[in-house]
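# Fold and geometry: a report
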Amino acid sequence: MELYSLNFVLFLAALAVTYFGVGRILGRGQWVVLLAGSLCFYCLMGGLPTLWLVIATAAVTWAAGLALARLDAECRDRRKAAPDRAAKKEIKARFARLRRVVLLAALACCLGALGYLKYWNVILWQAGAAPSPSSLGLVLPLGISFYTFQAVGYLLDCYNGRVEAERSLPRYLLFVSYFPQLIQGPINRWADLAPQLLGRNRADWDRARRALLLFLFGAMKKYAVANVLSGRIDAIFSSVDAGMPGSVVVLGILLYSAQQYADFSGGIDMVLAASELLGVRMAPNFKRPYFAVSLADFWRRWHVSLGAWMRDYVFYPFALTRPMKALGRWSGERLGRHLGRTLPACCANVLVFLIVGVWHGAEVHYVAWGLYNGLVIAAADLFSPAFARMRTTLGADSHPRLWRVWATLRTFLVVNLGWYFDRIYDFGDSLTCLRATFLNFAPQLMKPTLAELFGPKAAGPLGVSYIAIIGCVAIFAVSLVEERGHDVRELVLSRGLLVRTCAYVALLFLTASSYAFSIGGAGGFMYANF
């Protein structure tokens, strides 16, 4: 059941009518409708055999959260009854050990299942112990990384005392299995999402109009841009050899840059719209990343919920460990105050992006992509004083707009260099394409090579469909207006009937027209595989 399909529209409509109807008639119990609908949705999308893993992940983290709450309560009671400070200290230490055991056991269950299903076959294949990355026949449940990270985030928040443990398993199961987030996120937090899921929501026409416009815009991104470009990109990177001109490689990477953003952010727009229709606002996942002025800024704008998760549960805990604090003191005393502050953060950034790379997959090219991002960000932090002096020397503060344009273009270049390791699935081919880009650009060979790859009758400049070009222009225009602080949906919906109708028709036309230009079908959403 694809998000653009009639089946999904009927499912969402039936769920919304039932959801709001229950709220209007009974005044309570809407969350039960959402839970039933979410479990049905997962069965339809991912299949009944994998539903048990969602339920098991929820059950383990729910039970662990309750166990932590009971240990905390018992620890408080025993410390109150302790005769002296030494006894209180010993009780606290003993219960701290028990809490760690509960946490580690639950993490081992959740992350162990994720690791086995997602990585074990690939690791065996990389080691030469399996004939292919899928030879074991392990079924990767839909969206397993997203709901696992969301459940683990809840557990870590319980462990750190940020939230109270939920006592109802069905209510907590709704938080883990809420259907809009299951396909490709975002990774929501209990404190933000649970009150909305468990509270009462009423139907709202203005909210429905905003949701419809966002859904259509997301569908246009996915189908008029991502799906149309997919076949062209596959044609380029499935034919990598030492003779491929760098100009064709660069075109493929630029197309992939547009495709991945349109696919991921388009899908996120669609699920945010579906959730907004029901009155539930999920965490934002994109903030116009290609307007970023540095690689670190890019990752604060791209896959925002994953970045926030890594920041709170990996970066800060690792940067504040005793070894990292010791490194900071040592480097501060010997190498200067700047390095004393920066080195622990640099190590934490490299670790975070190594994990992000592995989160995408265990293949070597994903590890290289993660390390590339981590090392570039670490280097930027280490040399930030030199960059600041260079900026002053060049008089950047006197021309802030010009400097921002330069910083945005520079960041776009750095990001796209990273896509070589992300999209080109063989690490050796990634290096071949980088070599061709810098040493064999050969623009005169681009046209005949594309004619060979795409066919001599491929429509559009450089074989790229006009539908995809128009879609990219529309995405850029909307992003530019939003970057200036305007609410595009409000701007459109506040206009007259003619303007609103034109917006809806244009989005529907681009989406429908995409089916004539997609090559071989692009399948589902890219990030549903994670």
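Refer to the structure printed above.
Report follows, based on the coordinates. These figures come from a predicted structure and were not determined experimentally. (Residues numbered from 1 in each chain as written. Predicted model: local features only at pLDDT ≥ 70, side-chain atom pairs only at ≥ 80, totals over all residues. Heavy atoms only, no water.)

This part is about unusual backbone geometry. Glycine aside, negative phi is the norm for most residues, and most peptide bonds take the trans geometry. The step from Gly185 to Pro186 runs through a cis peptide bond, and the omega angle for that step is 5°. Examined against the element boundaries, Pro186 turns out to sit in the loop between helix 7 (179–182) and helix 8 (190–198). Not every positive phi belongs to a glycine, and Arg288 is a case in point at roughly 55°. As for its placement among the helices and strands, Arg288 is situated in the loop between helix 10 (246–277) and helix 11 (295–301). Owing to a relative accessible area of 22%, Arg288 belongs among the partly exposed residues under this scheme. (Helix = DSSP H or I, 4+ residues; strand = E, 2+ residues; numbered from the N terminus. Buried < 20%, exposed > 50% of the residue type's maximum accessible area, 1.4 Å probe, protein only.)

Going through the model one piece at a time under the given rule, you end up with 22 salt bridges. Between Arg301 and Glu483 there is a salt bridge, and its shortest N-O distance comes to 3.0 Å. Of this pair, Arg301 sits in helix 11 while Glu483 sits in helix 20 (residues 466–483), placing them 182 residues apart in sequence. Glu483 sits in the partly exposed class, given a relative accessible area of 22%. In this structure, Arg404 engages Glu483 in a salt bridge whose closest nitrogen and oxygen atoms are separated by 2.9 Å. Of this pair, Arg404 sits in helix 17 (residues 400–423) while Glu483 is found in helix 20, placing the two residues 79 residues apart along the sequence. If you follow the salt bridges from partner to partner, you end up with Arg210, Glu276, Arg281, Asp487, Arg489 and Glu490 in one network. (Salt bridge = Lys/Arg side-chain N within 4 Å of Asp/Glu carboxyl O.)

Together, Tyr116, Trp120, Ile123 and Leu136 give the surface a local cluster of nonpolar side chains, amounting to about 390 Å² of exposed area. For Ile123, the location among the structural elements is in helix 4 (residues 85–126). Given the relative accessible area of 42%, Ile123 is considered partly exposed. (Patch = residues over 30% accessible without salt bridge, like charges linked within 9 Å, V, L, I, M, F, W, Y side chains within 5 Å. Areas by Shrake-Rupley, 256 points an atom, 1.4 Å probe, with all protein chains shown as cover.)

Without other data, these values stay purely geometric and don't point to any function.
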